[in-house]
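Residue-level structural notes
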Amino acid sequence: MYFETNWVFHQPRSWIETNFQKRECIKFIPCPRDDTKCCCGQAQITHQTIPGIESGSPGDPWLPTKHTRPQPTDAYGTIEFQGGAHPTKAQYVRLSFDTRPELLVQLFTKEWNLELPKLLITVQGGKANFDLQAKLKKEIRKGLLKAAKTTGAWIFTGGTNTGVTKQVGDALLLEGQQRTGRVVSIGIAPWGIVERNHELLGHNREVPCHSISSPRSKLAVLNNRHAYFLLVDNGTQAKYGAELILRRKLEKFISNLKLHPFTHSSTPVVCLVIEGGTNTIRAVLEYVTDSPPVPVVVCDGSGRAADLLAFVHKYASDGEEQPVLESMRDYLIGTIQKTFEVGLDQSEKLYQELLQCTRNKNLITVFRIQEKPEGEAQELDQTILTALFKSQHLSPPEQLSLALTWNRVDIARSEIFVYGQEWPNGALDEAMMQALEHDRIDFVKLLLENGVSMKKFLTIPRLEELYNTKHGPANTLGYILRDVRPHIPKGYIYTLHDIGLVINKLMGGAYRSYYTRRKFRPIYAKVMNSYANACRKSSTYQYQRYAGANSLSLVTGLLPFTSEMALFEFPFNELLIWAVLTKRQQMALLMWTHGEEALAKSLVSCKLYKAMAHEAAEDDLDTEIYEELRSYAKEFESKGNKLLDFSYRQDAEKAQRLLTCELHSWSNQSCLSLAVAANHRALLAHPCSQVILADLWMGGLRTRKNTNFKVILGLAMPLYIRQLDFKSKEELQQMPQTEEEHLENQNLDNDDSDRSQPDAEALLADTYSVRDTKVHENGKVSLTDSDPAQFREFFNLSEYNEVKQHQPLRLKKKFYEFYTAPITKFWADSIAYMFFLIMFSFTVLVKMEQMPRWQEWYSIAYITTLGFEKIREIISSEPVAITHKFSVWAWNMWNPCDGAAIILFVIGLAFRFRETTMDIGRVIYCVDSIYWYLRILNILGVNKYLGPLVTMMGKMVKNMIYFVVLLAVVLMSFGVSRQAILYPNKQPTWSLIKEVTFQPYFMLYGEVFAGDIDPPCGEDPSQPGCVTGHWVTPITMSMYLLIANILLINLLIAVFNNIFNEVNSVSHQVWMFQRFTVVMEYQQKPVLPPPFIALCHFYSLLKYCVRKAKGEPGMSKFSFVPCESIVSEAL
């Protein structure tokens, strides 16, 4: 580690010394004004003399290229400015005036680790100190800082703590107080004018420095608000101008750099003029006449050169002739003389330079503090960025790319998206791609507002490219992908199939992403092969990306290609999932507000974030990542709940359909099933959800009081069913139904229609039939027929519906609705189960005969048919793969427990029918009976008061497992020590394990085994001899009881108390959440309970065989009606 650090420390030093040089004057040429000084500014006493080089004569020209020699630089490192509240540091280097600009850019990017600028602001102005108006000073500070920070710009200044550079430093001081990141400010100053520059000599030094200059010194100190300094050396001392050539060359070189990957434009450069002298006017002239020209922004009111430029610009005309300015020639020359204190000849020369500047009037923009006609104040940052657009004659796509690069949506809105703007094909799509990749939320909004159709924009290759972008915030997608795609190589390109596997893993259950479905694979292969040549990535990228598509070449060849194949039906859904998986929360919220199925999108986002948070915790990532993902999940959880509440208040009926309709774009799930997957208790506890669950639970019954008693009485006396209240036929049609109920209802409706005469009511019902719904597993509901909402606006059905709501059911239909209601199935199943427990208890309590009694035969039949029911549940679940089916089935904790108990019973049954092992079988029966009694808790979970308590018990058992580990450590520490001391001569037997743990364990419950704590021993013949260390046992036992009984047991009680408070605070939501699972479970159960359920199994199998023989594959003959219209109306 030390070697590596040392190597990194020395590498920049050697590179800087190799590539940068200083300049030293080697020939003394007397200055005409003072012959004791050289033209370079050094006194003759301190001037370097080189043997063989004679001194020059006064009047000889002194040239830095001829009379100086280069040597490796001897001054670079870090300046630590003192005197402030917090010391600020800046990098510096001494370099020659003829240094190549590409070396400087390499210094910035490689050694100083700067990103290339997206904009270069070069500030020109006076070297002497000056004052600005308070308001103007505030605007310049704020505007310059905002322009630099929002666009990622570099600022070039003179570097010294005087004049305009001091004003820029004051603006950077304001930036330092905000503590939001440091602006890249680079001061380019002459080495010879830096006061105490000898203190900067050294290699990679950290030099303390004060930015306070001596009052009598003609030199200047460096401004302490700059982050980087280039100290330009041409061999002179106390003279300005050494930096001018280098600064201009560097600006021009940067202006030729391309702004990859944002845009193909070059880096824009703009000159900001604040105050200034004669050199400033010449600098502006050079900028506007250069090739390519540099736009200039002049701050009017800042003084001297800036005011003159603003005045001339105001009265200048667009052509070559300047009649207004020519008429004011004498006035301008007089003003120039007064302002700069120069002679007439120089004033006329400056006047001509001002006229030349006006010939490029379009390149000069004047910033004035005044109110706009609309009443908005002009800001400097907008003036700077607008000047670039006006001066460079960029096309609208190039302007938009620059605005995207700077992340300035306000400039794009006011300057680019103007009325009548024409855009070439694909220009806005390219901008949208950049905005999505770089997480520019406001630009995505702006592009959507200005005509970008996301349905036409988002294609399969573009979506895949978004998943593979390296821009945007850090995310955990790579970690999760390694779980579904182990051993992926470095630089692996994600495919949509990989993303689909990730989505399936995170969503869990029976959810299957569209990207992993069989029908998507040939479309994906065809589209990617067709887009291979037009894709924006390199050839290597193409080979890796499309290599997996070749396996589907046969299917792909048969599939005709159309441009619509590459598009998505709901593009905002796909972008929402992309934004969530890549942890772009604000982008995800934007995609949630657009498009369809907002409630489903909020639930899917909530589930994905919760699953990602769980994965982050499993991978031991930072706690902040877990908390961040959980907070995002809660935000979508809240939005989904608020949306449902709003919809329910607007239209309760449509809100209920919104929860139960089948969503084809979300793996044919419903919002209710998605809420269960996301563990969204608040949404399931919402009155809208509870009304649906209450309707499903009651089925066709309509009873308000003593419902359970009436159902039990109906089961006991079937004739009582005629006295019960039932929903009308039309009300039943509005309810969700199972597939079997749908078939039965069709048969019953056909019978009724054959018996009844056609009338206006039947005609209307046949023409505009009310939508039937079918409930599948996990609350998924499919809709058939048409929706009355589609024709409600054409027919006034209010009076007609009042008549239909009171249409009674026939007797046959009443019996069917009663026995198929989930509440009836629940009580029938519960009564049958209690009867089974009685029979099974009788079996294990009495003597077991060789031949089973009828009670035992009943128990065998019950458990056997229950096992077949569990097999039916696994087979009928949604997933295709058997392992996936089993995982979905095992999601309910009681199902695998039932399976284990059934297997244990079958093992006991096998032993029971053998005479030699009958007793073993009976013991297995007894052990198995423990679980069957505990299974009553599953039935009690339906109760409003007992359900939360059962949940508390489950949570406490899970937490107690961790506690048992702690207890086992303490128990074994005492048990082994006690056993080893008291019984040192034990032989190795398996009983040692029991002896070690038996007494310490029961000591936890108060049985201290007093006689064994300190057994009597001694020299008495009637007493055994004392073992060595017998006195240690009472001491260790006291410590053990103190830790185990007092500390650990009370700790466990505290944990249990915390669980009780946690669950009790949301007990109502817990019960409602459990209610959904129970309703869905009994909605799918056959009518008869075990053991009579075998008849239902046989009937279902027979019907399935008949359908197969007729060529009817299940329920595929029923067409599903999309529910998007309902969703859009409800929202």
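For clarity, every value in this text was computed on a predicted model and none was experimentally measured.

Focus: the overall build of the chain
Helix and strand counts for the chain come out as 50 helices and 15 strands. In the chain, which comprises 1131 residues, the share counted as buried stands at 49%.

Brief notes about helix 28 (residues 652-660)
One full turn of an α-helix is made of 3.6 residues, so residues set three or four places apart face in the same direction. Regarding helix 28, the residues found buried are A655, R657, L658, L659 and T660. For helix 28, the N-terminal cap is D651; the gap from its side-chain oxygen to the backbone nitrogen of E653 is 3.1 Å.

Digging into the nonpolar core
Counting 175 residues, the largest nonpolar core has L436, L581 and W932 as its most contacted members. If you tally residues by element for this core, the top one is helix 26 (residues 598-618), at 12 residues. In this view, L581 contacts Y467, N475, L477, I499, V502, I503, L506 and M612; residues no more than four positions away in its chain are not counted. Residues V232, A283, F340 and V342 belong to the second largest nonpolar core, which totals 62 residues.

So, the packing of aromatic side chains
How two aromatic rings sit relative to each other is set out by the distance from centre to centre and by the angle between their planes. Tallied over the entire structure, the rule returns 38 aromatic pairs. Residues F108 and W154 carry aromatic rings whose centres are separated by 5.1 Å and whose planes lie at 85 degrees to one another, so their mutual orientation is edge-to-face. In this pair, F108 is assigned in helix 3 (residues 101-111) and W154 in strand 6 (residues 153-157), connecting sequence segments 46 residues apart. Each ring, one from F311 and one from Y315, has its centre 4.9 Å from the other, and the planes form 55 degrees; the classification is tilted. With a gap of four residues between them, F311 and Y315 both fall in helix 8 (residues 304-315), about one helical turn apart. For Y315, a relative accessible area of 35% corresponds to the partly exposed category.

A closer look at the pairing of strand 12 (residues 364-367)
Residues I364 and V366 of strand 12 are buried on one face, and the alternating residues T365 and F367, pointing to the opposite face, are buried as well. Both strand 11 (residues 296-299) and strand 12 contribute to a ladder of four bridges, which runs parallel. Its bridge partner lying in strand 12, V298 is registered against V366.

Here's the deal with a nonpolar patch on the surface
A surface patch of nonpolar side chains, about 340 Å² in accessible area, is lined by I903, I907, F911 and I920. Here the nonpolar patch takes three residues from helix 41 (residues 894-912), the largest share from any one element. Among the secondary structure elements, I903 is positioned in helix 41. Judged by relative accessible area, which is 55%, I903 ranks as exposed.

Here we look at the pattern of salt bridges
Within this structure, the stated rule accounts for 43 salt bridges. The salt bridge involving R912 is made with E856; its shortest N-O contact spans 2.6 Å. Placement of the pair is R912 in helix 41 and E856 in helix 39 (residues 854-875), with a sequence separation of 56 residues. Neither residue differs from the other here; R912 and E856 are each classed as buried. Taken together, the salt bridges that share partners define one network made up of K870, E873, D898, R935, E1081 and K1085.

As for the side chain of R584
Tracing the backbone shows R584 in the loop between helix 24 (571-581) and helix 25 (585-593). What makes R584 buried here is its relative accessible area of 2%. Excluding its chain neighbours within four sequence positions, the residues that come into contact with R584 are L436, E437, H438, D439, T469, H471, G472, P473, W578, A579 and Y609.

Overview of the sheet that holds strand 8 (residues 202-210)
The 10 strands lie next to each other as 8-3-4-9-7-6-5-10-11-12, forming an open sheet whose pairing is mixed. Strand pairing shows two members of the sheet lacking a second neighbour, strand 8 and strand 12, which therefore form its edges. The sheet shows a mean angle of 25 degrees between the axes of neighbouring strands, direction not considered. Examined bridge by bridge, strand 5 (residues 119-125) and strand 10 (residues 269-274) share six bridges and lie parallel to one another. When the sheet's bridge partners are listed, Q124 is paired in strand 10 with V273. Across the sheet, helix 4 (residues 134-151) is in contact with strand 5, strand 6, strand 10, strand 11 and strand 12; its angle to strand 6 comes to roughly 135 degrees.

Some details on the side chain of T707
In this fold, T707 is placed in helix 32 (residues 707-716). Discounting chain neighbours no more than four positions away, the residues touching T707 are M698 and I823.

Description of the environment of M972
Within the element layout of this structure, M972 appears in helix 44 (residues 946-982). Each C-alpha atom of the pair M972 and T997 lies 7.0 Å from the other, and the pair is 25 residues apart in sequence. Among all residues touching M972, those that are not within four sequence positions of it are V996 and T997.

Some remarks on the confidence of the model for the chain
Looking at the chain as a whole, its pLDDT mean stands at 82, while 85% of the residues score no less than 70. Taking the mean pLDDT of every element in the chain, the minimum, 31, falls on helix 50 (residues 1124-1130) and the maximum, 96, on strand 9 (residues 228-233). Low pLDDT, under 50, characterises residues 533-558; the predicted model gives this stretch 38 contacts beyond four residues in sequence or across chains. This model gives residues 753-805 a pLDDT under 50, and the stretch forms 120 contacts once residues within four places in sequence are excluded.

Some points on the environment of I121
Inspection of the secondary structure assignment puts I121 in strand 5. Of the residues examined, I121 reaches a relative accessible area of 0% and is grouped as buried. Spatially, the C-alpha atom of I121 lies 4.9 Å from that of I155, the residues being 34 residues apart in sequence. Those residues in contact with I121 that lie beyond four places of it in its chain are L144, A147, A153, W154, I155, F156, V270 and L272.

What counts, and where the lines are drawn
- Each residue is numbered by its place in its chain's sequence as written, counting from 1.
- Local features in this predicted model are restricted to residues of pLDDT 70 or higher, and side-chain atom pairs are both shown and tallied only at a pLDDT of 80 or more, whereas totals for entire chains, interfaces and linings draw on every residue.
- By convention in this description, side-chain values take in all heavy atoms of the structure and omit both hydrogens and water.
- Secondary structure elements are taken from DSSP: a helix is a run of H or I of four residues or more, a strand is a run of E of two residues or more, and numbering for both begins at the N terminus.
- Only protein chains enter the accessibility calculation, which uses a 1.4 Å probe; a residue whose area is less than 20% of its type maximum is buried, one above 50% is exposed, and one in between is partly exposed.
- Identification of polar contacts relies on pairs of N or O atoms within 3.5 Å, with a donor-acceptor requirement for protein atoms, meaning one able to donate a hydrogen and the other able to accept it, and with residues adjacent in sequence counted only if both atoms are side-chain atoms.
- Throughout, nonpolar core names a set of buried Ala, Val, Leu, Ile, Met, Phe, Trp, Tyr and Cys residues whose side chains join them through atoms within 4.5 Å.
- We call two residues contacting when some pair of their heavy atoms lies within 4.5 Å.
- In summary, the pairing rule links any two rings of Phe, Tyr or Trp, Trp by its six-membered ring, whose centres are within 6.5 Å, and it sorts them by plane angle into stacked for under 30 degrees, edge-to-face for over 60 and tilted for everything else.
- Strands are treated as partners if at least two bridges between them are detected by DSSP.
- Each patch is built from residues that are more than 30% exposed by relative accessible area and take part in no salt bridge. Like charges join if they lie within 9 Å; nonpolar side chains (Val, Leu, Ile, Met, Phe, Trp, Tyr) join within 5 Å.
- Per-residue accessibility takes into account occlusion by the displayed protein chains alone, with areas from the Shrake-Rupley method and a 1.4 Å probe.
- Salt bridges are counted wherever a side-chain nitrogen of Lys or Arg sits within 4 Å of a carboxyl oxygen of Asp or Glu.
- Fitted lines through C-alpha atoms serve as axes, helices being fitted only where they are in contact, and the angles separating the N-to-C directions of these axes extend from 0 to 180 degrees.
- Looking at any residue, its pLDDT shows the predictor's confidence there, from 0 to 100.

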